[in-house]
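If you want the building blocks of each chain, they are given just below.
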There are 2 protein chains.
Amino acid sequence: MKGNSSYTYEAGERHAHKWGYTDTRFEFVDEGSVRVTGDRYPICGYTMPYFIPFAEEVLGVSFRPGDVLPERPQEELPAPRENAAFVAALREKLAADQIADSDDERLRHSHGQLSVNEVYRVLYGAPLERFVDLVLYPQSEEDVHFIVEMANAHGVCLVPYGGGTNVSGALSLQRSEERPIASVDMSRMNRILSLDEDNLMACVEAGICGRDLERELSARGYTSGHDPDSVELSTLGGWISTNASGMKKNKYGNIEDIVLEATLVTPTGTVETLSATPRNSTGVQPRGLLFGSEGNLGIITKAMLKIYPLPKVRKFGSLVFPDFATGVAFLKELRQGEGVLPASIRLVNNYEFRFGQALKPAAKGIKKLEQRIQRFVLFGVKGFDINELAACTIAMEGTATEVAHQEKIIFSTAKKFGALSAGASNGQRGYMLTFGIAYIRDFFNQFGILGETFETSVPWDRILVVTSAVRARLWEECEKRNVVGRPYLSFRVTQTYHTGVCIYFTMAFSSLGLEDPEHTYHDVEGALRQVILDNGGSLSHHHGVGKVRRAFLPQVHSANSMNALRQTKNAVDPNNIFSAGNGVFGDPI
Amino acid sequence: MKGNSSYTYEAGERHAHKWGYTDTRFEFVDEGSVRVTGDRYPICGYTMPYFIPFAEEVLGVSFRPGDVLPERPQEELPAPRENAAFVAALREKLAADQIADSDDERLRHSHGQLSVNEVYRVLYGAPLERFVDLVLYPQSEEDVHFIVEMANAHGVCLVPYGGGTNVSGALSLQRSEERPIASVDMSRMNRILSLDEDNLMACVEAGICGRDLERELSARGYTSGHDPDSVELSTLGGWISTNASGMKKNKYGNIEDIVLEATLVTPTGTVETLSATPRNSTGVQPRGLLFGSEGNLGIITKAMLKIYPLPKVRKFGSLVFPDFATGVAFLKELRQGEGVLPASIRLVNNYEFRFGQALKPAAKGIKKLEQRIQRFVLFGVKGFDINELAACTIAMEGTATEVAHQEKIIFSTAKKFGALSAGASNGQRGYMLTFGIAYIRDFFNQFGILGETFETSVPWDRILVVTSAVRARLWEECEKRNVVGRPYLSFRVTQTYHTGVCIYFTMAFSSLGLEDPEHTYHDVEGALRQVILDNGGSLSHHHGVGKVRRAFLPQVHSANSMNALRQTKNAVDPNNIFSAGNGVFGDPI
């Protein structure tokens, strides 16, 4: 994925535990400057003189080469729990390289990308307490059926594993599970099985990651349009089981809109609709069981997706508003008024705007002059306050007519709200910055900074209420716990809906001097989630429940709803082979 | 609902068993002309000279005043099955007028609007075999909880009853049910409980019918946008439990898009999400259990709906295409190309076009001249064949900009397909004709014509395949069964989707001389449904499964899916109090 929006996601070697690719990491150029290695993203390959000073200012701690914490050496894993009959049965049918139990593979498959409780622990904190005992690599739906059948027969638990990017603790293992646990890595089931150009559908294996899906579709002139922040790494099966949302939702929909039908293999058989038709009224839809199933019910093997011809025109844009509240009012008017929405439109608050600016290279020559003029207009003519303004990034896709129409409506509406256009390149940069966030998290992790993103959906009139309340509570919690320096909190509106939006928060604070960093972090995050719920926000917009949010479920669903879901699971997995314990299926906390 | 698209649905006395209002019925003006009484619809109040001749031509039988079948006198119903303890418990809490058991009320609540197996039987055919024993009228959610609790405690079955417009046999009762059955008529739960103008949501009781909902919303400047053919009579709860679709789906969505959350009262408690937020990823969504539940799981009491400000502009349009296939190609281009869709766009085939023409008044004076010119252009200049052409009705709604943009794209695209604009008034007329269809059905019913609509969703490339196959099979079936005259089959595309469309068929043939009209009809319809399934169509787009389509479910869902759904029901209704037996919950056939 180069800076030119060519959307060619390139493969590469992945970090064992951190986010992303080994070619991409922050390194110090000198005491106070960093640069990102490689050339994978727009933020790669240049010196960033403003970033460390910005981070030191907002977090109030020092980020110098000497402050880097050493990674903990990886300890030897406890011996895998064995089930000889199960493994013998598997060996009858699967190839040798489809069954693995090395420490390295077991550890990689025993966590997701939950920042503090998973990545930070693996690299710096207290070791994980439970590991998968075996890693299996099915290559076909038949393999999956066989694995599930054998696991069910032999009392072995299964955890479906897609891209390993989950951030809700869904991949972490319950200590209470005494049976052997096998991770079922779906990465080899990554083929497009059929592509129907007339009806614009494609049947795709669920282990395909977004990068490969988009590369293969685009070679044939199509796109799925699903573009989550994790698109390079996360998989189709993961998207369905997490109930994912992509950045270009306004044009292509969320995952439940993109996927027509999918196949779930459970211990008692397959949950699937036998043909994919446009829309149905055939009683309660079993497909509803797949979205948000979080590995609790079975393994998703394939899905029928809507596909779209590659858009003829792609155009970025950006806007600057005097403040966040005005930006919100603009988004509301755009959504509820004309209802013309670009593929993606996101509004970042002031902190996040300045964060983005801090990642820029040093300005010089003509660029410096341009920036001066820009600054003059913003702060002189328009009277914007650099510590108040908010920015909007816009990505439009479609036919020439469609994009032109959107552009006209969006920019004329923005004008009414006193916004200033900040150009296409800033828009593109803002859109692509998304892909760098988790690398930045890992950079700060090594200084003992505990950081995480979390999201919610809220009605329109709760946006400012929720963001203020979260901010106030975070400061309070950190003060109470004597956190060193200052907490960081920024947020953005990443999706708009008729009745409200998704707010995406980024939070960080230093663990230096904390007695139990992981629990502290968990407690603070829990307190913020309660503040969100108390003020009308939802438990999660697209990250899911997993384990970190399951204690809140009784505030979301009636007891009878949860009971019904548990009985449904019982019907398809009577032996609880899929014992991941996510959401309502976990042990009550 | 007057001819002027003012959208004021007026209340009125309903027919006991036939469709709609008693002020509206066909009556003979003379031997060969009819007129529709009253002034409720655009087809009311004028003489139709072409209608009887058209019907006689296409069906090949005679429709003269003397051919009308007498309605069967209503026999006395069998005594209700009693459960004295249940009734005594109810009387403790409910008012006297909330409990009814007159023959009239029992009979009205023992059927829906399934044409042949319900309405025809009640009026002309073999009497129904099972009736509800009691009719209850809850006035609050508390009443519903109480009724469900008592029914569960006393072994009484419940059938939720909304507008009584179901056309899948969902309201017909299973003979095998030996316990008393109470119909729970929701019509008194028809209030808007709250309306949130900021976030555009309204919480509404489920017994409200579309007419009342729209009247009350519109008095406050809003609309739900849900406009099914049955909107005057059907209810919110019915829409959810049937998984309904409205004519203006392109702008407002199908019912699952319109309803954010809803409440289902079951014997073990309430299935509901405790707050309505824009979009969520909180595990498998219990709300999925409500859509398509068809009365099998409990009673839907209220729902949180999206609402929209009343559109500033409403505009109709119509197009004529040389043939149906060209119209289909146009719709496909509009959907998959620019993706600009008006609130409603529907394409009728030639038969249905001529059917609409036959309902017109005699042309005279200036109108006659206009029609001559129109005919000249169509058949002279454009060379259209009156027996081949197809027509499209268009309803646009929104801001002035939105409607202007749609108009531009739609008509310029239509031009590429050789279409001719046929004016706004034809468009409006076509749109409103929908509301007359069921009255026409009832008119023909009295001549022994068995008629029904049925629908399916199909991928784009199956539209012509499915329509041809259905037509061929219908002719074959009728020939085989020595049906008098000719069968009638017309169809329209009522909804478009990215991957295909909804096709809505109207079928009719004469029962004269048939030994067992109802079974014959049922068998023919079943044969056509099999043809649809065999050629890539779905079991139902929006009418539901009920009882008439449940035998086909094993062709739609895997056995394991159906088992999972049955277990879910068992969790919330362990005593099978909601024993309606629709869809997968019915006795296997």
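We now turn to the structure provided with this report. (Residues numbered from 1 in each chain as written. Chains lettered and ligands numbered in written order. Predicted model: local features only at pLDDT ≥ 70, side-chain atom pairs only at ≥ 80, totals over all residues. Heavy atoms only, no water.)

Describing the overall build of chain A
Here is step 1: Along chain A, the regular secondary structure elements total 18 helices and 21 strands.
Here is step 2: At 24 Å, chain A has a C-alpha radius of gyration in line with the 25 Å of a compact globule built from 589 residues.
Here is step 3: When the backbone C-alpha atoms are referred to their principal axes, chain A occupies close to 75 × 60 × 45 Å.
Here is step 4: The buried share of chain A, taken over its 589 residues, is 64%.
Here is step 5: When the 61 positive and 70 negative side-chain charges of chain A are each reduced to one mean point, those points stand 6 Å apart. (Helix = DSSP H or I, 4+ residues; strand = E, 2+ residues; numbered from the N terminus. Rg over C-alpha atoms; globule rule 2.2 N^0.38 Å. Buried < 20%, exposed > 50% of the residue type's maximum accessible area, 1.4 Å probe, protein only. Lys, Arg positive; Asp, Glu negative; His and termini not counted. Charge placed at Lys NZ, Arg CZ, Asp CG, Glu CD.)

Comments concerning the sheet that holds strand 13 (residues 299-306) of chain B
Residues and elements named next belong to chain B.
Here is step 1: If you walk across this open sheet you meet the five strands as 8-9-13-11-12, and the pairing is antiparallel. Bordering the open sheet on either side are strand 8 (192-196) and strand 12 (269-271), each of which pairs with just one other strand. On average, adjacent strands in this sheet sit at an angle of 15 degrees to one another, irrespective of strand direction.
Here is step 2: Across six bridges, the pairing between strand 11 (residues 259-266) and strand 13 is antiparallel. (Pairing = 2+ DSSP bridges. Axes fitted to C-alpha atoms, helices over the stretch in contact; angles between N-to-C directions.)

Details of the interface of chain A and chain B
Often, the extent of an interface is quoted as the loss of accessible area on bringing the components together.
Here is step 1: At the interface, 83 residues of chain A touch 83 residues of chain B.
Here is step 2: Between chain A and chain B, the buried area comes to about 6300 Å², and carbon and sulfur atoms account for 55% of it.
Here is step 3: For chain A, the biggest contributors to the area lost against chain B are R279, V284 and H498 of chain A; these three give 13% of the whole.
Here is step 4: Counting every contact that joins chain A to chain B gives four salt bridges.
Here is step 5: Here R279 of chain B makes a salt bridge to E256 of chain A, at a shortest N to O gap of 2.6 Å.
Here is step 6: For the side of chain A that touches chain B, the secondary structure elements donating two or more residues are helix 9 (255-258), strand 11 (259-266), strand 12 (269-271), helix 10 (324-338), helix 13 (400-416), strand 19 (449-459), strand 21 (500-510) and helix 18 (559-572) of chain A.
Here is step 7: Considering every element that reaches the side of chain A that touches chain B, the biggest residue donor is helix 18 of chain A, with nine residues.
Here is step 8: Classifying every residue of the side of chain A that touches chain B gives 31 nonpolar, 43 polar and nine charged. (Contact = heavy atoms within 4.5 Å. Buried area = accessible area lost by both parts, 1.4 Å probe. Salt bridge = Lys/Arg side-chain N within 4 Å of Asp/Glu carboxyl O. Nonpolar A, V, L, I, M, F, W, Y, C, P; charged D, E, K, R; others polar.)

Points about the relation of the copies chain A and chain B
Both copies of the chain are tied together by a single rotation about an axis and a shift running along it.
Here is step 1: In the superposition of chain A on chain B (RMSD 0.0 Å, axial shift 0.0 Å), the rotation amounts to 180 degrees. The two molecules are tied by a two-fold rotation axis, judged by turn and shift. In terms of proximity to the rotation axis, the leading residue of chain A is T568 of chain A, whose C-alpha is 2.6 Å off the axis.
Here is step 2: Comparing contact sets, 100% of the residues at the interface of chain A also lie at the interface in chain B, consistent with an isologous, same-surface contact. (Least-squares fit on C-alpha atoms with pLDDT ≥ 70 in both.)

Looking at helix 11 (residues 350-358) of chain A
Here is step 1: Burial within helix 11 of chain A is extensive, with eight of its nine residues counted as buried.
Here is step 2: Of the residues making up helix 11 of chain A, those classed as buried are N350, Y351, E352, F353, R354, F355, G356 and A358 of chain A.

Points about the pairing of strand 16 (residues 344-348) of chain A
In summary, the side chains of a regular strand alternate between the two faces of the sheet.
Residue and element names in this part refer to chain A.
Here is step 1: Of all the five residues making up strand 16, five are buried; the element is thus mostly covered by neighbouring parts of the structure.
Here is step 2: Because side chains alternate across strand 16, one face comprises the buried residues S344, R346 and V348, and the other comprises I345 and L347, equally buried.
Here is step 3: One ladder, built from five bridges, connects strand 16 with strand 17 (residues 390-398); its direction is antiparallel. Along strand 17, the bridge assignment pairs I345 with I394.
Here is step 4: Bridge analysis of strand 16 against strand 20 (residues 488-496) gives two bridges, and the strand direction is antiparallel. Counterpart to V348 in the pairing with strand 20 is R492.

Quick look at the sheet that holds strand 5 (residues 134-136) of chain B
Residue and element names in this part refer to chain B.
Here is step 1: With respect to topology, four strands assemble into an open sheet ordered 4-5-7-6, the strand pairing being mixed. Two strands lie at the open edges of the sheet, namely strand 4 (99-100) and strand 6 (157-161), each paired on one side alone.
Here is step 2: Bridge count between strand 6 and strand 7 (residues 181-185): five bridges; the pairing is parallel. Note that in strand 7 the partner of V159 across the bridge is S183.
Here is step 3: Of the strands in this sheet, strand 4 and strand 5 are in contact with helix 2 (residues 84-93), which crosses strand 5 at around 25 degrees.

Observations regarding the packing of helix 2 of chain B against helix 5 (residues 141-154) of chain B
Geometrically, a packed helix pair is captured by the angle between its two axes and the distance between the axes.
All names here are of chain B.
Here is step 1: Where helix 2 contacts helix 5, the axes come no closer than 10 Å and their chain directions differ by 160 degrees. Between helix 2 and helix 5, the angle falls in the class roughly antiparallel. In this structure, the crossing between helix 2 and helix 5 has a hand that is right-handed. Residues A85, F86, A89, L90 and K93 of helix 2 lie in contact with helix 5, whose contacting residues are E142, F146, I147, M150, A151 and H154.
Here is step 2: When its residues are assigned to classes, the contact of helix 2 with helix 5 shows eight nonpolar, one polar and two charged. (Parallel < 35°, antiparallel > 145°, perpendicular 65-115°, else oblique. Left-handed = near helix turned anticlockwise from the far one by under 90°.)

Details of the packing of aromatic side chains
Here is step 1: Within the structure shown, the criterion is met by 48 aromatic pairs over all chains.
Here is step 2: With 5.7 Å between their ring centres and 55 degrees between their planes, F316 of chain B and Y431 of chain B make a pair best called tilted. Here the residue F316 of chain B occupies a position in strand 15 (residues 313-321), and Y431 of chain B occupies one in helix 14 (residues 424-433), the gap between them amounting to 115 residues.
Here is step 3: Taken together, the ring pairs in this structure connect F26, F28, F51, F54, F63, Y351, F355, F443, F444, F447 and Y488 of chain A into an aromatic cluster.
Here is step 4: The ring of Y252 of chain B has K251 of chain B lying over it, and the distance from NZ or CZ to the ring centre is 5.8 Å.
Here is step 5: Directly above the aromatic system of Y351 of chain B lies the positively charged group of R354 of chain B, at a separation of 5.2 Å from the ring centroid. (Phe/Tyr/Trp six-rings, centres within 6.5 Å; stacked < 30°, edge-to-face > 60°. Lys NZ or Arg CZ within 6 Å of the ring centre and 35° of its normal.)

Things to note about the environment of N563 of chain A
Residues and elements named next belong to chain A.
Here is step 1: Considering the arrangement of structural elements, one finds N563 in helix 18.
Here is step 2: Residue N563 is classed as partly exposed on the basis of its relative accessible area of 29%.
Here is step 3: A C-alpha to C-alpha distance of 53 Å links N563 and Y50, two positions 513 residues apart in sequence.

Side note on the environment of T263 of chain B
Residues and elements named next belong to chain B.
Here is step 1: Position of T263 among the secondary structure elements: in strand 11.
Here is step 2: C-alpha of T263 to C-alpha of A153: the two residues are 110 residues apart in sequence and 21 Å apart in space.
Here is step 3: Setting aside chain neighbours within four positions, we find T263 in contact with E141, T270, V271, E272, L290, I299, I300, T301 and K302.
Here is step 4: In this structure the side chain of T263 is engaged in a polar contact, spanning 2.8 Å, whose partner is the side chain of E272. (Polar contact = N/O pair within 3.5 Å; in protein donor to acceptor, adjacent residues only side chain to side chain.)

Points about helix 1 (residues 51-59) of chain B
Residues and elements named next belong to chain B.
Here is step 1: The buried fraction of helix 1 is high, at seven of nine residues.
Here is step 2: Buried within helix 1 we find F51, I52, F54, A55, E56, V58 and L59.
Here is step 3: Immediately beyond the C-terminal end of helix 1, within one or two residues, lies G60, with a positive phi of roughly 70 degrees.

Observations regarding the pattern of salt bridges
Here is step 1: All chains considered together, the criterion is met by 68 salt bridges over all chains.
Here is step 2: Across the pair E56 of chain B and R64 of chain B runs a salt bridge, and its minimum N-O distance is 2.7 Å.
Here is step 3: Here E177 of chain B and R179 of chain B are joined by a salt bridge, their closest N and O atoms 2.9 Å apart.
Here is step 4: Overall, the relative accessible area of 24% leaves R179 of chain B in the partly exposed class.
Here is step 5: Each of R473, E476, E477, K480 and R481 of chain A takes part in one network of salt bridges that share partners.

A word on the state of the cysteines
All names here are of chain B.
Here is step 1: Under the counting rule described, the total for this entry stands at zero disulfides over all chains.
Here is step 2: Left without a disulfide partner, C203 is nearest to the cysteine sulfur of C209, which lies 17 Å away.
Here is step 3: Note on C203: relative accessible area 11%, which makes it buried. (Disulfide = S-S within 2.5 Å.)

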